[in-house]
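Summary of structural features
This is what each chain is made of:
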Amino acid sequence: MTQDEMKKAAAYKALEFIKEGTIVGVGTGSTVNYFIDALATIKDDIEGAVSSSDESTKRLEAHGIEVFDLNNIGVLDVYVDGADEVNEYLTMIKGGGAALTREKIVAAVANQFICIADDSKLVDILGTFPLPIEVIPMARSYVARQLVKLGGDPEYRQGVITDNGNIIIDVHNLKIIDAKKLEADINAIVGVVSNGLFAARGADVLILGSASGIKVIK
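Definitions and cut-offs
Along each chain, residue indices are assigned from 1 in the same order as the chain's sequence is written. Given that the model is predicted, a residue must reach a pLDDT of at least 70 before its local features are reported, and side-chain atom pairs must reach 80 or more before they are shown or counted; all residues, however, enter totals for whole chains, interfaces and linings. Derived side-chain values reflect all non-hydrogen atoms in the structure, with water molecules and hydrogen atoms excluded from consideration. Only protein atoms enter the 1 Å grid used here. Points where a 1.4 Å probe fits but cannot escape make up a cavity, open sets with protein on both sides within 12 Å along at least five of seven lines make up a pocket, and a residue lines them when an atom lies within 4 Å of a point. Grid points are joined across faces, edges and corners, and a volume is the space filled by probe spheres set on the points. For the purposes of this entry, the term helix denotes a DSSP run of H or I that reaches at least four residues, the term strand denotes a run of E that reaches at least two, and both are numbered from the N terminus. Following the grouping adopted for this structure description, the nonpolar residues are Ala, Val, Leu, Ile, Met, Phe, Trp, Tyr, Cys and Pro, the charged ones are Asp, Glu, Lys and Arg, and the polar ones are all others, Gly among them. Pairing of aromatic side chains here covers Phe, Tyr and the six-membered ring of Trp, requires ring centres within 6.5 Å, and sorts the geometry by plane angle: under 30 degrees stacked, over 60 edge-to-face, intermediate tilted. Note on exposure labels: buried denotes an accessible area under 20% of the residue type's maximum, exposed denotes more than 50%, and partly exposed covers the range between, all computed with a 1.4 Å probe on protein chains only. Criterion used throughout: strands pair if DSSP finds at least two bridges between them. Note on definitions: angles span 0 to 180 degrees between N-to-C directions of axes, and those axes are lines fitted to C-alpha atoms, for helices only across the stretch in contact.

Turning next to empty space enclosed by the protein. One pass over the structure, following the stated rule, counts 1 cavity of 30 Å³ or more. There is about 30 Å³ of room inside the largest cavity. What lines the largest cavity is simply A98, A99, L100, T101, R102, E134, T162, D163 and N164. Broken down by element, the lining of the largest cavity gets its largest block of residues, 3 residues, from helix 4 (residues 100–109). Class assignment of the residues belonging to the lining of the largest cavity gives a composition of 3 nonpolar, 3 polar and 3 charged.

In structure tokens, the structure reads:
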């Protein structure tokens, strides 16, 4: 089974968590693209979706799935998204697609967060994948200096502007032991919009596609 086949298998498995008549929170990324395609097969059974990025919105609408403004939704039953890294505690690094802030917002509203991924994303210790930080542009240098003090090696992601009009700094060479503390410490830096650690609000269910089949971790 190829990596893409594992992603697709995990994405279709997530349909089992979608309740009829609900609005579904949808994340961003290559695995989520498979989920959007899967969601299209049951689009007549759901009311619509809330999207975490312009890219996902376009894909949902192309399938004829109505996309709602989150401000008009009280509570989401479920949010489905991928991960760049995830550990056994269902803490994640996200933001490789630069949509981390909106992903965090939608995840905060959802009653249940379903993470879908291929098994290459499962790690013992987070930090091999560079940690993305969304930053107000004028604060880029200041934030980078503060990230160095936290033990990271920050790198400006050239040519990338988020859907919110901000920039991304990727922090390399972190070995993340206390993810909740680091998430809070980075968020406390003036100029940081949010960071790609999903620890305070991690996943509730992890669906992993693997060569031996689907694994579900709760």
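From this point, the discussion proceeds with the structure in view.
What follows concerns the packing of aromatic side chains. Applying the stated criterion across every chain, the model contains 2 aromatic pairs. Ring centres of Y79 and F113 lie 5.1 Å apart, and the angle between their planes is 55°; on these two criteria the pair is classed as tilted. Here F113 lies in strand 6 (residues 110–118) and Y79 lies in strand 3 (residues 76–81), a separation of 34 residues in the sequence. Classification of F113 as buried rests on a relative accessible area of 0%. Ring geometry for F113 and F198: centres 6.4 Å apart, planes at 70°, overall edge-to-face. Within this pair, whereas F113 is found in strand 6, its partner F198 is found in strand 11 (residues 197–198), the two being separated by 85 residues in sequence.

On the basis of which strands lie adjacent, the open sheet formed by 6 strands has the order 2-1-3-6-12-13 and mixed pairing. Both edges of this open sheet fall to strand 2 (48–51) and strand 13 (213–217), since each of them pairs with a single strand only. Going from strand to strand, the sheet's axes swing by 25° on average, the running direction of each strand aside. Here strand 1 (residues 23–26) runs beside strand 3; their pairing, made up of 3 bridges, is parallel. Residue pairing in the sheet places V24 in a bridge with V78 of strand 3.

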